[in-house]
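An overview of the molecular structure
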Amino acid sequence: MTDTVGWSLAIVTAWLGTIVLVAEWLKRTTNLDAELVRKVVHIGVGNVILLAWWLQIPAWVGVTAAIVASLIAILSYRVPILPSVNSIGRQSWGTFFYAVSIGVLIAIFWGLNRQEYAAIGILIMTWGDGLAALVGQRFGYHRYQLWDMQKSWEGSATMMLVSFVVTGLILLAEQGNLWQNWAIAGTIAVVATILEAFSKFGIDNLTVPLGSAILGFWFSHLVGL
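This report concerns the structure included in the present document. (Residues numbered from 1 in each chain as written. Predicted model: local features only at pLDDT ≥ 70, side-chain atom pairs only at ≥ 80, totals over all residues. Heavy atoms only, no water.)

**Topic: the packing of helix α5 (residues 94-111) against helix α6 (residues 115-139)**
Viewed as axis vectors pointing N to C, α5 and α6 meet at an angle of 165°, and their least axial separation amounts to 8 Å. In terms of orientation, α5 and α6 fall into the roughly antiparallel class. In this structure, α5 meets α6 at a crossing whose hand is right-handed. From α5, Tyr-98, Ser-101, Ile-102, Leu-105, Phe-109 and Trp-110 reach across to α6, where they touch Gln-115, Tyr-117, Ala-118, Gly-121, Ile-122, Met-125 and Thr-126. Each residue belonging to the contact of α5 with α6 can be placed in one class, and the counts come to nine nonpolar, four polar and no charged. (Axes fitted to C-alpha atoms, helices over the stretch in contact; angles between N-to-C directions. Helix = DSSP H or I, 4+ residues; strand = E, 2+ residues; numbered from the N terminus. Parallel < 35°, antiparallel > 145°, perpendicular 65-115°, else oblique. Left-handed = near helix turned anticlockwise from the far one by under 90°. Contact = heavy atoms within 4.5 Å. Nonpolar A, V, L, I, M, F, W, Y, C, P; charged D, E, K, R; others polar.)

**Focus: unusual backbone geometry**
Of note in the backbone geometry, Gln-56 takes a positive phi value of approximately 55° without being a glycine. Along the chain, Gln-56 turns up in the loop between α3 (48-54) and α4 (59-76). The backbone phi angle of Asn-113 is positive, close to 55°, even though this residue is not glycine. Topologically, Asn-113 is positioned in the loop between α5 and α6.

**Examining the packing of aromatic side chains**
Counted under the stated rule, the structure contains six aromatic pairs. Both rings, one in Phe-109 and one in Phe-217, keep their centres 5.7 Å apart while their planes meet at 65°; by these two values the pair is edge-to-face. Pair noted here: Phe-109 is in helix α5 and Phe-217 is in helix α9 (residues 204-222), with a separation of 108 residues, a long-range link. Judged by its relative accessible area of 25%, Phe-217 is partly exposed. Geometrically, the ring pair formed by Phe-164 and Trp-182 is tilted, given 5.7 Å between the ring centres and 40° between the ring planes. Here Phe-164, found in helix α7 (residues 153-175), pairs with Trp-182, found in helix α8 (residues 179-197); they are 18 residues apart in sequence, far enough to count as distant. Assessed through its relative accessible area of 31%, Phe-164 is described here as partly exposed. By relative accessible area, which is 28% here, Trp-182 ends up partly exposed. An aromatic cluster is present here, built from Phe-109, Tyr-117 and Phe-217 joined pairwise through their rings. (Phe/Tyr/Trp six-rings, centres within 6.5 Å; stacked < 30°, edge-to-face > 60°. Buried < 20%, exposed > 50% of the residue type's maximum accessible area, 1.4 Å probe, protein only.)

Structure representation (structure tokens):
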């Protein structure tokens, strides 16, 4: 491992460690709702994709880290390794799917040298789903039900808006201010919102990132970007 990769890995590890420590501190010293603390981790951890992109971390490092995180996530459902992230017996595989999606997207789009689509997928999940949950809990006055799940129109609207902004800004930075990019951002926002709404047991942490990234890449290829 080169010195550059070593330093990059140290920075990423420090970032992730800080997020987990902050979450543990919040859990132990404040009266914040457990779901809010989980969203702190959810949003903080997801931004690691930007660090990996910026620091040009090799794909094998990102994939290996994702595999390790996946194994830790599985273990934490049975052993109180990360109580701020998972509760024992919690009926959601969201943390596991989150780690898997990061590894899969790095494996795919680092190899294609189109890291921006991995970032789109993960950041939509990070900020879109994270803020949608918080807005829905605090301001979700207009409810609707899908199967046995309660959703709010306010939360879904937040998911759509954030997904559009995230996608649009990344494509703007990478490809310029083209109308095709904003059309792609709008399409992804709608699809990501639908995928998030039709989620159960945390599966949206897999379907939203993969669906958003692959759809964005496919549409961009279709219009020649």
